[in-house]
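What follows is the residue order along each chain.
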Amino acid sequence: MIEILSPDEVARARDTGALVGGILQALRRRATVGTNLLEIDRWTQRMILDAGAQSCYVDYAPSFGRGPFGHYICTAVNDAVLHGLPHDYALRDGDLLTLDLAVSLRGIAADAAISFVVGTPRDPADVALVEVTERALAAAIAAARPGARTGDLSHAIGTVLTDAGYPVNTEFGGHGIGSTMHQDPHVANAGRPGRGYPLRPGLLLALEPWVMADTDRLVTDADGWTLRSATGCRTAHSEHTIAITEDGAEILTLPR
């Protein structure tokens, strides 16, 4: 399903996106050395409920997961990159943490992710991983405008990642979003320009470049959800939900 939102729905999406962005930034400030991943999940639950919003994750049970997710945020540490299931783990100095959050408010969903080093960065390579995903995300957003195609965004992401020397996995990537969290079109993290679905005003996309330092292969953790790098290397992930407008892309998941 591909949804084209009305102006009223896009306005509601701005509120949802601001909520998601605000929660992620609050969590970034609170996630310090010694913070337990389950604490982060509880904080997220409280902020979602206090806002009168609904989690897109807690009851989510897609074919690639093991039953309902059962938590309110994805917490991926070090070699984990996607769908990180919160568990009893206290963050350590130098951990590379990704927080991925999707929320629905007044019937419209928004999805975003941030990666950052907890405490003191120990390896410049960790910072470089985060920065390359942020640059790839910015390149895709710059390419998003009416008349462009999803392949143009995929190509922009893939070019940044490969030029920086990183392998690219295309199994999981960006996606349409609107009244539900995951919709068509799929936006892979590599692709050919001029191909794919044509972008139109009112289309919402969650763009999410993610990268593993030395491999493009994923393995699934014993929890049935968390995806890790096959080699145990570090990973990073950046994501924004954007709206296609007549003038280009509007980033919705920035905190107000």
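Residues numbered from 1 in each chain as written. Predicted model: local features only at pLDDT ≥ 70, side-chain atom pairs only at ≥ 80, totals over all residues. Heavy atoms only, no water.

**Regarding the sheet that holds strand β6 (residues 174–176)**
Sheets are built from strands paired through backbone hydrogen bonds, the pairs being either parallel or antiparallel.
And step 1. What the five strands build is an open sheet, ordered β7-β6-β8-β13-β14; its pairing is antiparallel. Looking at strand neighbours, the two that pair on one side only are β7 (183–187) and β14 (248–251), the edges of this open sheet. Within the sheet, the average angular offset between the axes of one strand and its neighbour, ignoring direction, is 30 degrees.
And step 2. Strand direction decides the pairing type here: strand β13 (residues 240–245) and β14, joined by four bridges, are antiparallel. Considered in β14, the bridge of A243 is made with E250.
And step 3. Where helix α4 (residues 150–163) meets the sheet, it contacts β7 and β8 (204–207), and its direction lies at approximately 40 degrees from that of β7. (Pairing = 2+ DSSP bridges. Helix = DSSP H or I, 4+ residues; strand = E, 2+ residues; numbered from the N terminus. Axes fitted to C-alpha atoms, helices over the stretch in contact; angles between N-to-C directions. Contact = heavy atoms within 4.5 Å.)

**A closer look at the sheet that holds strand β3 (residues 80–82)**
And step 1. With antiparallel pairing, the three strands of this open sheet are ordered in space as β3-β11-β10. Strand pairing shows two members of the sheet lacking a second neighbour, β3 and β10 (218–220), which therefore form its edges. Each neighbouring strand pair of the sheet contributes to a mean axis angle of 45 degrees, computed without reference to strand direction.
And step 2. As paired strands, β10 and strand β11 (residues 227–229) are joined by three bridges and run antiparallel to one another. In the strand pairing of β11, V219 is matched with R228.

Distances and angles like these do not, on their own, reveal function.
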